[in-house]
Amino acid sequence: WMEWVPAVYVKKLELTPLYEKETVHVSLLLNHPISGCSDAEAVVCHVRDMDGRLISKGICTNQSDSLCCYSCYCDVNNMHPWNPDDPYLYTIEIQAGEDKVTGYFAMRTFTIEPDKKGLPRFCLNHEPLFLNGVLDQGYWPDGLYTAPSDEALIYDIQTMKNLGFNMIRKHVKVETARWYYHCDRLGMIVWQDMVNGGTYNAPFMTWLPGREEFIRECKETVTALKAFPCISTWVIFNEGWGQFDSKKLTALFRELDDTRLIDSASGWFDRRQGDFKSEHNYFAKQFVTPSDRAFVISEYGGYTCQVKGHTCSGKTYGYKICSSQEEFQAAYHKLMSEEIDPLKEQGLCGAVYTQLSDIEDEINGLMTYDREVCKL
């Protein structure tokens, strides 16, 4: 979008919720210093609840010699935490000289904590939460990586919520900001993949400058998306695609954003980094491997069910062929009740079903590619 701005305007805004302290840290960057007024008059923040009531006011002070960086802490009294069942969002208004910026944030924290048995668990706001996830590659038949409308983005998220999912793993792409906003307000936790290149154990795909480019894009991805409360986890590598320096990359992500969890390697080449022991299992009976990290099955299922008249091509790709929707539904519920649910007591913290919708030749979605049929 394009918008008119005054001569001095807010160039960058970061809102960091500090859950335990019941405050939000406001940090902003102006394009030029504000002249002719004191710090007390320069940058003012107002925090409002979902009913529009003012709950806090903060005065940002200058934090650098450049006179362009300002920050402050705003109290969030009687804090209302965000969760998938109650996605509560606060509004913030920034007045910087003649410029006015509005935004939002949520009070929540994502951690790994031991349960009563000592098993590591994924926790939201210090309460264990099983991540019932679904893989989402975000393809569309008419726009490929571009959704046809804002309503289409909402439909995908809300349909997954209606089916009982509380997490979406956004796979191999970075979505439009509108998608993350809808996850924030509808209450959908997000695992965000980095866009991986390369193949398995192919050194020429992970040499410089490929590595430098990947690191640069990782930094840009985190910078672009860290404002969205719904994102709980950064997924660095998927199945060894161009995987390199897992330890160094995990440390880099800790530095870039210490408020979220990390799945260093989703499936395949685990280097004992990050917060999760992350397995992909499409063919064997589901199992839990004991680990000092939280155990997740970050890909499973992939059952194929072709719906006549709602496919992209004559090709079919998937891991279990079901000849009808009834057969697909029975197979899905059996998988959940007999293999996934019993593993929760053994330490399973989350499971990500493949996948939200069919995409081109992959006919293993919960919905058809055109979203006209929900197979469940």
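Residues numbered from 1 in each chain as written. Predicted model: local features only at pLDDT ≥ 70, side-chain atom pairs only at ≥ 80, totals over all residues. Heavy atoms only, no water.

Caption draft 1: The overall build of the chain, seen in detail. Across its full length, the chain carries six helices and 20 strands. The C-alpha radius of gyration computed for the chain amounts to 22 Å, which stays within 12% of the reference 21 Å derived for 376 residues, consistent with globular compactness. Projecting the C-alpha coordinates of the chain onto the three principal axes gives extents of approximately 75 × 45 × 45 Å. Split into buried and exposed, the 376 residues of the chain put 50% on the buried side. By sequence separation, contacts in the chain at least 24 residues apart represent 61% of the contacts at least 6 residues apart. For the chain, the computed accessible surface area is about 17,900 Å², with 52% contributed by carbon and sulfur atoms. (Helix = DSSP H or I, 4+ residues; strand = E, 2+ residues; numbered from the N terminus. Rg over C-alpha atoms; globule rule 2.2 N^0.38 Å. Buried < 20%, exposed > 50% of the residue type's maximum accessible area, 1.4 Å probe, protein only. Contact = heavy atoms within 4.5 Å. Areas by Shrake-Rupley, 256 points an atom, 1.4 Å probe, with all protein chains shown as cover.)

Caption draft 2: Representation of the pairing of strand E14 (residues 231-238) within the structure. With eight of its eight residues buried, E14 lies for the most part within the structure. When strand E13 (residues 189-193) meets E14, the two strands line up parallel, connected through four bridges. Across the sheet, residue Asp193 finds its bridge partner in E14, namely Val235. Of the strand pairs in this sheet, E14 and strand E15 (residues 261-266) are connected by five bridges, and their pairing is parallel. Of the residues in E15, the one forming a bridge with Asn238 is Ser266. Handedness of the crossover joining E14 and E15 through helix H5 (residues 246-256): right-handed. (Pairing = 2+ DSSP bridges. Right-handed = clockwise from strand over helix to strand, strands pointing away.)

Caption draft 3: Looking closely at the packing of helix H4 (residues 210-225) against H5. Put simply, H4 and H5 touch, their axes get as near as 11 Å, and they point 30° apart. Between H4 and H5, the crossing angle belongs to the class labelled roughly parallel. The way H4 lies across H5 gives a crossing that is right-handed. Contacts between H4 and H5 pair Phe214, Ile215, Cys218, Lys219 and Val222 from the former with Leu249, Leu252, Phe253 and Leu256 from the latter. (Axes fitted to C-alpha atoms, helices over the stretch in contact; angles between N-to-C directions. Parallel < 35°, antiparallel > 145°, perpendicular 65-115°, else oblique. Left-handed = near helix turned anticlockwise from the far one by under 90°.)

Caption draft 4: Examining the pairing of strand E4 (residues 54-62) more closely. Relative to E4, strand E3 (residues 43-48) is paired through six bridges, and the arrangement is antiparallel. Within E4, the position partnered with Val43 by the bridge is Cys60.

Caption draft 5: Molecular detail of the nonpolar core. Counting residues in hydrophobic clusters, the biggest one holds 69 residues, and the most contacted among them are Phe122, Phe253 and Tyr353. If you tally residues by element for this core, the top one is helix H6 (residues 325-340), at six residues. Other than its neighbours up to four places away in sequence, Phe253 contacts Met194, Cys218, Val222, Trp234, Ile236 and Ile262. Among the nonpolar cores identified, the runner-up in size contains 25 residues, and Val24, Val47, Cys72 and Met79 belong to it. (Core = buried A, V, L, I, M, F, W, Y, C linked by side-chain atoms within 4.5 Å.)

Caption draft 6: Inspection of the sheet that holds strand E9 (residues 120-124) at higher detail. Spatially, three strands are ordered E8-E9-E10 in an open sheet, and the strand pairing comes out antiparallel. Where the open sheet ends on each side, the last strands, each with one partner, are strand E8 (110-114) and strand E10 (127-128).

Caption draft 7: View of H4. The end-to-end C-alpha distance of H4, which contains 16 residues, comes to 22 Å, matching closely the 22 Å that a straight helix rising 1.5 Å per residue would cover. In this structure, the buried residues of H4 make contact with helix H3 (177-186), E13, E14 and H5. (Expected span 1.5 Å × (residues − 1).)

Caption draft 8: Broad picture of the state of the cysteines. Counted by the stated rule, this structure contains zero disulfides. Here Cys45 stays free of any disulfide, with the sulfur of Cys60 as its closest cysteine sulfur at 3.5 Å. Left unpaired, Cys374 is separated from the closest cysteine sulfur, that of Cys305, by 11 Å. (Disulfide = S-S within 2.5 Å.)

Caption draft 9: Just the packing of helix H2 (residues 150-162) against H3, in detail. Running from N to C, H2 and H3 cross one another at 40°; their axes reach a closest spacing of 10 Å. Comparing the axis directions of H2 and H3 gives the class oblique. In terms of crossing hand, the pair formed by H2 and H3 is right-handed. For the pair formed by H2 and H3, the contact residues are Asp150, Leu153, Ile154, Ile157, Gln158 and Lys161 on the first element and Arg178, Trp179, His182, Cys183, Arg185 and Leu186 on the second. Among the residues making up the contact of H2 with H3, the classes are represented as six nonpolar, two polar and four charged. (Nonpolar A, V, L, I, M, F, W, Y, C, P; charged D, E, K, R; others polar.)

Caption draft 10: Layout of the side chain of Gln355. By the element assignment, Gln355 lies in the segment after strand E20 (348-354). Gln355 gets classed as buried once you look at its relative accessible area, which sits at 1%. A polar atom in the side chain of Gln355 sits 3.0 Å from the side chain of Gln137. Reaching out from Gln355, the side chain makes a polar contact with the side chain of Asn364 at a distance of 2.7 Å. (Polar contact = N/O pair within 3.5 Å; in protein donor to acceptor, adjacent residues only side chain to side chain.)

Caption draft 11: Structural detail: unusual backbone geometry. Of note, the bond from Thr354 into Gln355 is cis; its omega dihedral lies within 30 degrees of zero at 5°. Positive phi outside glycine occurs at Glu239, with the angle close to 50°. Tracing the backbone shows Glu239 in the loop between E14 and H5. Here the phi dihedral of Glu360 falls at roughly 50°; this positive angle occurs in a residue that is not glycine. Locating Glu360 in the fold gives a position in the segment after E20.

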